Amino acid sequence: MDKFLINGGKALRGAVAVSGAKNSALPAMAAALLTADKVVVRNVPKVRDLVTMSKLLAFMDAKVSVAAVPASDYEIQAPKLNHAEAPYELVKTMRASILTLGPLMARLGIARVSLPGGCAIGARPVDLHLKALEQMGAEIATSRGYIEAKVHGNGSQGRRLKGAHIVFERITVTGTENILMAASLAEGETVLENAAREPEVTDLIAMLRKMGAQICGDGTSTLRIRGVKELHGTEHTVIPDRIEAGTFLVAGAITGGDLKIHNCIAAHLGAVIAKLHQAGVQIDIVDATTIRVRGTEKLLGADVTTEEYPGFATDMQAQYMALATQAEGASVITETIFENRFLHASEMMRMGANISVEGRRAVVRGPAQLSGTTVQASDLRASAGLVLAGLVASGETLIDRVYHIDRGYEGIVEKLRAVGADIERVHAPGT
Ligand code: UD1
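A quick note: this is a predicted structure, and the numbers were derived from the prediction, not measured.

A.B. asks: If you had to explain the environment of I285 to someone new, which residues and values would you point to?
C.D. replies: Note on placement: I285 falls in strand β16 (residues 282–287). Separated by 19 residues in sequence, I285 and A266 have C-alpha atoms that sit 7.0 Å apart. The residues touching I285, leaving out its near neighbours within four places in the chain, are A266, I273, T290 and I291.

A.B. asks: Account for the environment of V426, naming residues and giving values.
C.D. replies: Tracing the sequence through the fold places V426 in strand β24 (residues 422–426). Once the C-alpha coordinates of V426 and K3 are considered, the two residues, 423 residues apart in sequence, prove to be 5.1 Å apart. Once you skip the residues sitting within four places of it in the chain, V426 turns out to touch M1, D2, K3 and L5.

A.B. asks: Provide a residue-level description of the pattern of salt bridges, including the pertinent values.
C.D. replies: When the charged atoms of two side chains with opposite charge come close together, those side chains can pair. Applying the stated criterion across every chain, the model contains 22 salt bridges. With a shortest N-O distance of 2.8 Å, D218 and R209 are connected by a salt bridge. Overlapping salt bridges bring together D2, D406 and R425 as one network.

A.B. asks: Describe the packing of aromatic side chains, with residues and values.
C.D. replies: One pass over the full model with this rule turns up 1 aromatic pair. Between F312 and Y320, the aromatic rings sit 5.7 Å apart at their centres with planes inclined by 75°, giving edge-to-face as the arrangement. One exposure class covers both F312 and Y320, and it is buried. The ring centre of Y146 lies 3.9 Å from the NZ or CZ of R112, which sits over that ring.

A.B. asks: Before we move on, can you summarise the site of the ligand with the specific residues and values?
C.D. replies: Not every one of the 19 residues close to the ligand is listed here, only the nearest: D127, T172, T174, D315 and I337. A distance of 3.0 Å is found between an oxygen atom of the ligand and a side-chain nitrogen or oxygen belonging to R124. Within the side chain of T172, an N or O atom sits 2.7 Å from an oxygen atom of the ligand. In the complex, the protein chains occlude 88% of the 750 Å² of accessible area that the ligand would expose alone. Elements with a minimum of two residues in the shell around the ligand: α5 (127–135) and α6 (173–184). Top element by residues in the shell around the ligand is α5. It accounts for 3 residues. Here the shell around the ligand is composed, by residue class, of 8 nonpolar, 5 polar and 6 charged.

A.B. asks: I'd like a description of the side chain of S114, backed by residues and values.
C.D. replies: Structurally, S114 can be placed in strand β7 (residues 110–114). Apart from the residues lying within four places of it in its own chain, the contact partners of S114 are A86, P87, Y88, V91, G145 and Y146.

A.B. asks: Before we move on, could you go through helix α9 (residues 270–278) and cite the residues and values that matter?
C.D. replies: Within the sequence span of α9, burial applies to V272, I273, K275 and L276. Projected down its long axis, α9 shows its buried positions confined to an angular sector of 165°, all on one face. Remark: G280 follows α9 within two positions and exhibits a positive phi of approximately 95°.

Calculation rules
Residue numbers restart at each chain and count upward from 1, following the sequence in its written direction. Residue-level local features of this predicted model are given only where pLDDT is at least 70; pairs of side-chain atoms are given and counted only at 80 or more, and the full residue set underlies all totals for whole chains, interfaces and linings. Neither water nor hydrogens contribute to the side-chain values; these are computed over all heavy atoms in the structure. Secondary structure follows DSSP: runs of H or I at least 4 residues long count as helices, runs of E at least 2 residues long count as strands, and numbering of each begins at the N terminus. We call two residues in contact whenever any of their non-hydrogen atoms come within 4.5 Å of each other. Whenever a carboxyl oxygen of Asp or Glu lies within 4 Å of a side-chain nitrogen of Lys or Arg, that contact is scored as a salt bridge. We call Phe, Tyr and Trp rings a pair once their centres come within 6.5 Å, taking the six-membered ring for Trp, and we label the pair stacked below 30 degrees between planes, edge-to-face above 60, and tilted otherwise. Think of it in three bands: residues with accessible area under 20% of the maximum for their type are buried, residues over 50% are exposed, and the middle band is partly exposed, with areas taken using a 1.4 Å probe on protein chains only. Placement of a positive charge over a ring is assigned whenever Lys NZ or Arg CZ falls within 6 Å of the ring centre and within 35 degrees of the normal to the ring plane. The rule for a residue being near a molecule or strand is that one of its heavy atoms must lie within 4 Å of it. Polar contacts here mean pairs of N or O atoms no more than 3.5 Å apart (in protein, one a potential hydrogen donor and the other a potential acceptor; neighbouring residues in sequence count only if both atoms are side-chain atoms). The protein chains shown are the only cover counted for residues, whose accessible areas, like all others here, come from Shrake-Rupley with a 1.4 Å probe. All residues other than Ala, Val, Leu, Ile, Met, Phe, Trp, Tyr, Cys, Pro, Asp, Glu, Lys and Arg, Gly among them, are scored as polar; the first ten of these are nonpolar and the last four charged. The arc in question is the one traced by the directions running from the helix axis out to the C-beta atoms.

So this is what it looks like as structure tokens:
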């Protein structure tokens, strides 16, 4: 298992470019299942989850063409889907495999998708996806760890989902995306209330619309989808990764550096930028796609509560905690999205951070001098938080289980090294 070795204490200076959003590229690739035509998805980050998604599509008999693996452009064509199945072997490595359920049900009226199960940060059920599909006429059973879904019907409308009025009990990002895709080919209109408003949802809507879908309400919590009989091919460039951009903002701030972050959309980072301002970080929006972050003499503690977009993203919580360890005073961090998303706190405490966790609240008191040691990454964003802590710690930090970070950050080691970080990947074959 690879590890990262970081020698902390270097201020990051220079320019770094953000890759495409993992969480946009995943539904975009799944959406290619909705048509027999060719779909080209561009600006795909070269990370493991997208390779897994391409394997999943290929398993279903879609033709996936790339110049090399991993790729930033994927050509996908699914004239016929012979296996309407997402097998456990792939789903267990990537929960977002559930994003194939909506397209399969829309296109074929039948799907067998392994239940994703929980992960380190919480139970993460998919009950809301399933209830919504049931409202659209699907019969769903779970058996031997698989979701088995089908639409009964006869005549020309056989096996076609029906539009429905769906109100999500709570906001779900991939749930919204699944229902958007399912409803695009359903018979009649679907109204989805309490929908997620994340930029990645809006990006999917833009792509589906180019494929011929009739959707309105983007960026609001009520989406209306008028189903069409067929969707056609398209080319789509996914938006920049706002979480990667936010991670670099914290990297610049925590190391007292001066970073220009290119290829990002400042408008998607409103809550993070506002919070960093409050913490005393200097941030300038240089232009529509460039942000400059400069460190400050003194970071100030500021409370954060994670929320759905446009609130402060749960995917930025671990990185913000790393920053809070360096800020003067107390920062209360409240996690409202996932029930167990503070696993990085105990690792930061092993590095010398002063953090107390009670349920969904963590109180971080700073500034604390962190010192390097061996730490374990527990999930994708926790790994990013530990990398940031390592960048500011004295001495060597060795981060174990970095396969988590490889799921979602393209070339993180190379990008950080290019702006002055002392970080390397240590290959540990056979462990
Ligand atoms: C997506 C993102 C992930 C991010 C999360 C929250 C992708 C591929 N992943 O995950 O990076 O951290 O949004 O912003 O886009 N829930 C239920 N029942 C459901 C669905 C969700 O109870 O059927 C709960 C979840 O357990 C969680 C909350 O709702 O507590 C939000 O989850 P959700 O928005 O669905 O997260 P994902 O779409 O899995």
